Structures are given as structure tokens and as C-alpha cells.
Amino acid sequence: MDPDIALFVDVVREGSLAGAARLWRLSPAMASKRIARLESRLGVRLLHRTTRRLAPTTAGAAFHAEVAPLIAGLRAAEARVTQHDGDPAGPLRVSAPTSFGRMWIAPYLTPFLDRYPAIRLRLDLTDTFIDMIDGGIDLAIRITATPPSGLAAHRLADNRRVLCASPAYLARAGTPGSIADLADHALLAAQGQFPWRLTGATVNGESRVETASSEVVRELVLGGAGIALRSLWDVGDALADGRLSRVLPGHEGSAAVGIWAVHAAAGVPMAVPALLGHLREVWRDTAWMT
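For every chain, the first residue of its written sequence is number 1, and the numbers climb from 1 along that sequence. Totals for whole chains, interfaces and linings use all residues, but because this is a predicted model, local features are given only for residues with pLDDT of at least 70 and pairs of side-chain atoms are given and counted only at 80 or more. Side-chain numbers here rest on the full set of heavy atoms in the structure, without hydrogens or water.

(A) Up close: the overall build of the protein chain. From N to C terminus, the protein chain includes 10 helices and 13 strands. Overall size of the protein chain, expressed as C-alpha extent along the three principal axes, is 70 × 45 × 30 Å. Using a 1.4 Å probe on the protein chains alone, a residue whose accessible area is under 20% of its type maximum counts as buried, one over 50% counts as exposed, and one in between counts as partly exposed. Here the protein chain holds 290 residues, and the buried ones make up 43% of them. In what follows, a contact means two residues having at least one pair of non-hydrogen atoms within 4.5 Å. Expressed as a percentage of contacts within the protein chain between residues at least 6 apart in sequence, the contacts between residues at least 24 apart total 70%. Only the protein chains shown count as cover for residues, and all accessible areas are computed by the Shrake-Rupley method using a 1.4 Å probe. For the protein chain, the computed accessible surface area is about 14,600 Å², with 54% contributed by carbon and sulfur atoms. Think of it this way: Lys and Arg go in the positive column, Asp and Glu in the negative one, and His and the chain ends go nowhere. By convention, charge coordinates are those of NZ in Lys, CZ in Arg, CG in Asp, or CD in Glu. The protein chain carries 31 positive and 28 negative side-chain charges, and their two centres are separated by 4 Å. Secondary structure is summarised from DSSP: a helix means a run of H or I of at least four residues, a strand means a run of E of at least two, and numbering begins at the N terminus for each.

Pasting the structure below:
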């Protein structure tokens, strides 16, 4: 594996020399010198560098598209060879939606890390779609009706979503008795979440507060700002203790949406099935898994 090419792939993935340098335990200056050495060897500029941003040039993007899958394959092959007779080890990069990762992955990682101390785990939480190959992702948790093609996909659970609001909001604004009544209520959703596709109905609307953050929507509905469509893994506790109440309980989000784990179809490091098995076990008795 050419280390300068591998460093270039990580620079593009991280979006900065400094981020890649931390992974390689290099100074940013040394990382920059190595990228310059690669550019000199290839005779082409690979990166645009400014004080505010770093991005691949046209040639750099084309080169990255060709070499990134090769580097990922080589790293996976190295991991398989070094781990053949032992416990999972080496780097493991996991991606998950922000709220789900914070609530249902991060709190359960300590026993996994204690069991496999040679794994170097990186957990990326984002609500933005990340290409697994370009992003160097080993395992991704996706909440979707259609997991990406070309990858191994495991449906871990249904993703039941219900309409809910705080008792204070319902006392103030009234409780809707039908889907049509929602037009007279304050609705809450993150950008891109409308329309709500429910059993037997579709709701188009405009959120009372514009936000890209699903976590902000959760806090707004808990604070009495309106009605939201939320996953049970997200608001099950608030429904159980009375901070939220179901609205129109005859209508839920589409049953097609599920919680999926996706990874490469072949050549994954041993740490991937190890973490997947661990998560299945710790989630086994949670209400939203059924």
C-alpha cells in the first residue's frame, strides 16, 4: 500500500490535512509535505488549498474515485490477515444518525471496547448521507425503507413512528380527532421530513420551526411547541412517563421504514460482525426492537 496515496484518501475523507494528520499521528506540516510529494510524483495538483477549505481538484477527484476503493480493499485484506487467528483488532469506523447514535450506540460501547481492546473505534454521528466507500465507513446504521444496493444489509428492527405532543400543548390547542384536523395545529419536523407518510394517510405541512436537526424537533415537541412524528426509540420514554401523549393513535409512520445495519458485501474486518452481534444483544430487550 502506497502510504502517500493512502494519506491522500484520508485527507479527502476528513476534508482537512489536520484531520488526516491526526489519524496518521503526523504534524499537519508533514502531512502537507507528503501530499506535495505525491503531487510532484504524479505531475498534477490533487488538492485546492485555501485558508478556509480544502477540496480535491478535478484531477484529484478522479484519482480519488479510482484509488479509494483500492485502499479500502487493501486495508480490509490486512485486517483479515492480522486477525485470522485472534480477536478483532485494528481500526473500525462506524456511522449512525445523530440521535440514534447518541442514545442507542454510544452508551453501550464500553463492554465492547473492554472485550476487544485492540479495536480502534471511530464513531461518526451525522444525519447527512455518507457514501460508505468514499467515507471509509466499515459499518453504518441507516434508518430507511430502502437500504443501499450493492451492500450487505441487516434489518435490525422496525422503526415505529407515532404522532405525539405534550399534554400542555394539547390542553392549549386541543386534541385533533382526524388527519384533517392537523391542518389547524402547529406541526414540527426537521428539513426533508415532510410529507409524513402514515398508515392510511399522507400529511403535507410546514414545520412551525425550521431546523435541520431532528434532536431540536424532539426538544420542541417536549417543550409544547406542537405535534411531531417521532420514532419510539426516540420518545418511548417520554410517552411512558407522561411527558408526551399519542395523537391520532390509529395512524403511524409507514411500516416499510426500518433500522438497518449495512456494510460491504465481502472483505469486512472481523470487528464488523463483532460489533453487530454486540449491538443486537444489548438492544434485544428494548421495546422498540419488537
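(B) Structural detail: unusual backbone geometry. Note the cis peptide between F194 and P195, where omega equals 0°. Counting through the fold element by element, P195 comes out in the loop between β8 (187-188) and β9 (196-198). With phi around 45°, L248 is a residue other than glycine that occupies positive phi space. Mapped onto the elements of the fold, L248 is located in the loop between β12 (245-246) and β13 (258-264).

(C) Molecular detail of the pattern of salt bridges. Salt bridge, as used here: a side-chain nitrogen of Lys or Arg that lies within 4 Å of a carboxyl oxygen of Asp or Glu. A complete count under the given rule lists 18 salt bridges for this structure. D234 is paired through a salt bridge with R218; the nearest N and O atoms lie 3.0 Å apart. With D234 in helix α9 (residues 232-240) and R218 in helix α8 (residues 214-222), this residue pair connects regions lying 16 residues apart in the sequence. For the pair shown, D234 and R218 are each scored as buried. One salt-bridge network, in which partners are shared between bridges, spans R218, E219, R230, D234, D237, D241 and R243.

(D) Highlighting the sheet that holds strand β11 (residues 227-231). Spatial ordering of the open sheet is given by β8-β11-β7-β12, a layout of four strands whose pairing is mixed. Because the sheet does not close on itself, it has two edges, and the strands there are β8 and β12. Bridge analysis of strand β7 (residues 161-165) against β11 gives four bridges, and the strand direction is antiparallel. Residue pairing across strands places R161 opposite S231, the latter belonging to β11. Here an angle of 0 to 180 degrees is reported between the N-to-C directions of two axes, which are lines fitted to C-alpha atoms, with helices fitted over the stretch in contact. Running over the sheet, α8 touches β7, β8 and β11 and is turned about 125° from β11. Pairing between two strands is assigned when DSSP locates at least 2 bridges connecting them.

(E) Quick peek at the domain arrangement of the protein chain. Structurally, the protein chain comprises domain 1 (1-82), domain 2 (85-157 + 257-289) and domain 3 (161-253). Taking only C-alpha atoms, the centre of domain 1 and the centre of domain 3 are 44 Å apart. Each domain's extent was defined by an automatic or database domain assignment.

(F) Just the nonpolar core, in detail. If you look at the biggest cluster of nonpolar residues, it comprises 26 residues, and the most contacted ones within it are L92, F100, I141, L275, W283 and W288. For this core, the elements supplying multiple residues, two or more each, are β3 (90-96), α5 (98-104), α6 (109-115), β5 (139-144), β6 (151-158), β13 and α10 (271-283). If you tally residues by element for this core, the top one is α10, at seven residues. Grouped together as the second largest cluster of nonpolar side chains are 18 residues, L17, A21, L38 and L47 included. By nonpolar core is meant a set of buried Ala, Val, Leu, Ile, Met, Phe, Trp, Tyr and Cys residues that side-chain atoms within 4.5 Å join together.

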